[in-house]
Each structure stands twice: as C-alpha cells, then as structure tokens.
Amino acid sequence: MMQAILQALQKTATELLIPLIDRREDYQYDPLPSARSLRLLSFNTDDSSQINITLETFELANAPPYQALSYCWESPFDVPNFELPDLFIQASGPIAIAYSTNKKKPIVCNHSRMYISKNLKEFFDRLREEGYAQMEHKHLWVDAVCIDQGNPKERTAQVLRMGHIYKNAISVFVWLGDSLPETSLAIAVFEELRKIPMCRLEEMKGLSITSDATYDALGIRGISEREWRAFVGFSRRTYFNRVWVVQEAIFARRLIFLCGEFHIPTETLFEVSKRLVLSGWSSQILGPYVPQFRPGSGPQVGAIAAIFQMMNDLERGTVRPLEILSSMRSRRAKRPLDKVYSLLNLIAKALDTEPSELPVLPDYESELADVLEQTTLICIRSSKNLDFLSAVQERTMRSSAVTPSWVVDWSVPLAPVPLMTMQLINGLWNPSNGLPPGLPETGEPGILKFLAARVCGIERVSLDTGKLQKDQDLASWVDLILEMDVPYGADTGQGLTETLWRTVIADIAWDQHPAPADFGLAFVYNYIGMVVCRTASIWSASRFEIELEDMIHQIDRLRSIDPSSVFPGGDEIRRLARVMKGEDPEHNQELLVEIMSKVEALSEHINRVCIHRRLGRTDLNLLAMVPASTEPGDSIWILPGLSTPFVFREMFYGNFQLIGEAYVHGIMSGEAMGNLELTPVRLQ
C-alpha cells in the first residue's frame, strides 16, 4: 500500500513539474562525428521527481557497456483491447488515441526540453519507479532519443548501423507497454502452457481448449474463457506485429521482456507461442474474437513465434532475402518504405555482407517503386531463380505506382494466398516435368528475361470471386463447365463435375493429394446450402422455390453431359434443401450434422484457393484457377523449375505483363510438357 501511495505522489509531482520543463529551450542535437558514432543516454538518478537524462556521444567500437530498447513509438495496444474487463472492451479506442503523435510528453535532456512518445515515457517512468534496478549498466540506447530524427542523413547512417548497435548491447529491453487490468491473467496463461512438454505437441492437435478433459490430459489446470480472452489481447499487442522490432529482437544478445510491472521470461514467450502455432491451438484461441478485429489486423500469436524462427534460420544460414521479406510483409509499419528499410540489416546478414553494400539504402526521398524494384532484384540475384514470382500479389491490390508487373510490392499484404505455399508439404506439383530452374536476365532496366513454354489461352473466366463470396452464388462456375467439351482436355479419367470441384480446391485437402472423394459430396451440399441460405434469409418462400428449381434445371443439364456427376436428381436436391432449411418432416438431425461438417471442411479449402481468383476455361478445354484480374486473351505459361504455371498478358512489342499464378487441373505433374517448347519471354 505504501509503495502505491509513493508512486501516486511521484506521478503527481511529475505532472506539476511539466509546466517548468515546458519553459526550457528545445534540445538541439550536435552532428555525430562519424558514421560509426552513436549517442547513449544515462539517467540522472538523483532527480526522482522527473525524467532527467544526459546524452553523450561515443564511437561504437569504444562505447561503454550499454543496454538498448526495443519498443513501439505509438500505442502498444490493439483495438478492441481484450486485456480490459468485459464492460470496457468496446470502449478501448480512447486508450489508443491517448498515444497519438500529438500526445508527446516532455522530459529534461542535457538541461533542455525534449518531447518523447507516451509509450516511451511510460517505460522511463517504470524504470524510475523501480529505482532503475533493471539497468545493468549506466547507459541506454533508444532510437527516438539517440538519433536526430530531424536529420535524414544521420537517420540513414544510423539505420544501417542498427544491427551492430543491438548486437553490441549487453542486453535489450523489450517494452510491450504498460499493464492493464487483465494482463496478469494473460501472463498466468503463458506460465501454465509452458508446463506442457514439447513431446505432447501431437496430442494437443486433437484436443479442444473448451474441454476440461483437455487440461486434465495435459496435466495443467483449466484455463477459463476470460483468461483466454486476456491472452488474445496480450498476444495482439502492437509490438509483436511491428516490422521494425524484428531486427532489434534478432540481433540482441539477450532479451528482457517487460510489460508494466511484469517481467516475462523470453523462453516462456517464444516456446508457448511456438506450441500454439504448431498444435493449431492458436486458431482455436483466436476464432471467437476474429469478427471483432480491425480489417487487416491479423492474429499475432504466430508473429511471436516467427521472430524466434527467423533467429534460428539466420543463425543456420538457411534463409534468403525472399523468405525474410515474404515472412515479414504482413507486419505493420508507419511508412511503406519501412517495410523494406526495417529489414535491410537482416537481408545483409543473410547475404553475409554489410548493409551499406546493398543496392538499397534507407533514403526517405526515394520513390517507393524504385526501392521495391531494387529489392526484388536482390531476391532474384541472390536466389538465381524465379521463385519470387509467387510473391507478386494480385494486380488490383498493388500500389498504382508499382511497375514493372514483376516487381513485388512489399508495402502491402500478400493476396491471394500463393498457390505455391499450398503444396510445400510434399512438393506435389511439377508442371515443368523436372526441368531445372532457369537463370533470369536482369540487365535491361525494367525488363525480366527468361525461357518459358506457352500452354494455352484463356477463353472465358467466371465472375470475380469477391462477388461469389458476397452473393453466395456458384452458378457461374457450373455455367462455365456446361460450355466445355466432353471429354476434358487432359487425360484425368474424371467427369466435368469432379474436375470442377477438384479445380476450385487445387485438388488439395490439408496434406492430402488428390483430395478425398467425399469432397465431391461436400461440394454438392455446399452449392445447395448457398442457395438455401441466400434465399431463406432475404426472399419469400416462393422466391426460394424459383431459385431452387433454377438450380435443379442447371444440375440436370450437367448430369446429362456428365453421367458420373456426384450431383443427385431433382427430388433428392429438394429433400436436402428441406433438411438444410429445417423443414424436414423426418427431422433427420444426423444428416444435417453430416452436411454441416462436410461443408465446413470444404469451405476452408475453397476460400483459401478462390479468394481473389476466378475460374477460367482455356482453348485446350482445361479448367484453371487464375488471378482475379485475368481476362480472356491472357495465356498460361509453364516456367522451368517452378511449382505452378503463370498467367501472362501480351503487350506491345512482344513483351508480356505478369498477372499471377494459376492452378490448371490435369497438367500440374508435367503432363503438358511433352509437346511444348521453351521460348524467350520478356516481362515488363
């Protein structure tokens, strides 16, 4: 109690001193003597009433022992904030606003006034309240204070030295932000989950976090819904998904995680996060809260584990610039250029060179398009292949300023999910039939040259999958295959219906290829269910009957040209529709449960493959999943050594533009290569 009273008095005294600090002159930085110089701060521990620091300049090679800080400049909390009690979660926005850039706090620096972010001020206050007991040495390096942020030249030089600065620090504080009312619950969950041995990982995969039996089986106490919610809030703290902090954590000799008054062991944080991701529990934990997340605000349990994984990969020398940039592109940054600049030290380490030797240097006057092109070229030249093409996102989601078409826009999240990543478990696709990867030529500005084989042209595409998702209407897919010839253009031994449902899931179910046959029945249930859901919710009963009969008429046409179709006749479709509407006179609950479970499993795979893609029909009577921006007249090509075909668009002077990856059913194992020849391609 006495400690709390003293802290309250100290805070009040600090607030009373703010007007006095505000009367001082602003601190003016002196230029650093060299590119290898750095400033370190120390605290005036005799002044317990306010934050009072001294800045000194040293050469990095001769600097005294120091610690460094890794933190977020802005609010450390996500919105909504699940570390708050129930009644306050939806009102968590004002907490984040309190950390906005116009809410900076004054401190004393070399007898002058300096303004710092609220989050940094709270870290300094925490050190002061604990009598600076966490300080192992006198000096501390903090980017916002020790770098003259108003000097672009200095900022560029210091960004290039950050790897060395953090590596030379005795230890690195990781400040996750102040604690909140439910933070202690989240940390207790970490401590409990740490007790689960890694050898129980496979067992965890089959257990539900909502079952008491799960915790009994694993030998830990039960974890309540309230505790899981607090855990979600903690794992979604801003720090874990900021791109700048990755290099800071990776280069550190030792990390000290602080969250308000709590000290979290590094091993606990990383090991628990790793277990949750590998066991699939992270999806179970986040599931109930996903609808409340802000758009583009992804889950961050995996982001914690990813930092640890990147550390290991860099130490083993098994990671390339492409993997570094790809794995970190969903993280947040204030400026688009920072999605590249923040990773330059890691890229340099992967290439065993100095950051200053890279063709990209941190210059905030540079054009984004130029930086992205040069960074893409780093990936090409370091890997000596065209693997990076799968990292190029859908054209409609790229920055309008980004050209050429083959340049990866690292500044925006990747969409759609790359097809290449769906077959990594067993490397099942080999459309070029074992041809070795080709070495692309990059000497001509803006042009990428390589050899490829043209397979076929796109004749027709279905509706945009964005519309399919919105309207819940798969009719355009069935309409498209109704126009196809029989037999199918590749020798698969499958009818048109089976070809359709296998194509829209890329013929993969989890780690199985080909997908199990019962997914065909799931596709039937899914199609009928979409009609039922759409019409039952917004239209009259008569409208439902009209829509249902239209679908039956369409399916009858399909069955007439595809006798092997898994679609049933009209009477059975009507019966299934009644079951789904809850109007089944026999109340067949078991059938309804079976339908829902199969539809749920199939929908997971359809969404993964089809979002931001269309179904396309080619001039060789093949079906393909192609990027959403694909148009009739585009063509599908196979590139030696790559695991997916690609869609190109012919432009002027014989050049092409990249549209994106494709899955073409029946040619993914090299079946088409026998009659094809490699020809030169120029991507612009």
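Residues numbered from 1 in each chain as written. Predicted model: local features only at pLDDT ≥ 70, side-chain atom pairs only at ≥ 80, totals over all residues. Heavy atoms only, no water.

Q: Help me understand the confidence of the model for the protein chain, please; the structure alone is not making it clear to me.
A: For any part of a model where pLDDT is low, the fine detail of the predicted coordinates should not be relied upon. This prediction gives the protein chain a mean pLDDT of 88; 90% of its residues lie at or above 70. Low pLDDT, under 50, characterises residues 1-6; the predicted model gives this stretch one contact beyond four residues in sequence or across chains. Confidence over residues 295-299 falls short of pLDDT 50; this stretch has six contacts with residues more than four positions distant or in other chains. (pLDDT = per-residue confidence, 0-100. Contact = heavy atoms within 4.5 Å.)

Q: It is not clear to me how the environment of Gln-284 should be interpreted in this structure. Could you clarify?
A: Residue position: Gln-284 is located in helix H12 (residues 281-286). For Gln-284, a relative accessible area of 28% translates into the label partly exposed. Apart from the residues within four sequence positions on either side, Gln-284 is in contact with Leu-207, Ser-208 and Ile-209. (Helix = DSSP H or I, 4+ residues; strand = E, 2+ residues; numbered from the N terminus. Buried < 20%, exposed > 50% of the residue type's maximum accessible area, 1.4 Å probe, protein only.)

Q: Would you take a moment to explain the packing of aromatic side chains for this structure?
A: For any pair of aromatic rings, the description consists of the separation of the ring centres together with the inter-plane angle of the planes. Counting across every chain of the model gives 25 aromatic pairs. A ring pair is formed by Phe-257 and Phe-270, whose centres lie 6.1 Å apart and whose planes are at 85°; its orientation type is edge-to-face. With Phe-257 in strand E8 (residues 255-259) and Phe-270 in helix H11 (residues 266-279), this pair connects stretches of sequence that are 13 residues apart. Comparing Phe-257 with Phe-270 shows no difference in burial state: the two are buried. Where Trp-637 meets Phe-648, the ring centres are 5.8 Å apart and the plane angle is 35°; that geometry is what we call tilted. Of the two residues, Trp-637 is situated in strand E13 (residues 635-638) and Phe-648 in strand E14 (residues 646-650); the sequence distance between them amounts to 11 residues. Aromatic ring contacts, followed pair by pair, group Phe-190, Trp-228, Phe-231, Phe-234, Tyr-239, Phe-240 and Trp-281 into a single cluster. (Phe/Tyr/Trp six-rings, centres within 6.5 Å; stacked < 30°, edge-to-face > 60°.)

Q: How do you make sense of the pattern of salt bridges when you look at a structure like this?
A: Pairs may arise between side chains of opposite charge once their charged atoms sit close together. Applying the stated criterion across every chain, the model contains 40 salt bridges. Among the salt bridges present, the one from Lys-449 reaches Glu-441, with a minimum N-O distance of 3.8 Å. The exposure class of Lys-449 is partly exposed, given its relative accessible area of 26%. Measuring nitrogen to oxygen at the nearest pair gives 2.4 Å for the salt bridge that ties Arg-460 to Glu-483. Placement of Arg-460 in strand E10 (residues 448-461) and of Glu-483 in the loop between helix H20 (475-482) and helix H21 (496-504) is noted, with a sequence separation of 23 residues between them. Arg-460 sits in the partly exposed class, given a relative accessible area of 27%. By relative accessible area, which is 43% here, Glu-483 ends up partly exposed. (Salt bridge = Lys/Arg side-chain N within 4 Å of Asp/Glu carboxyl O.)

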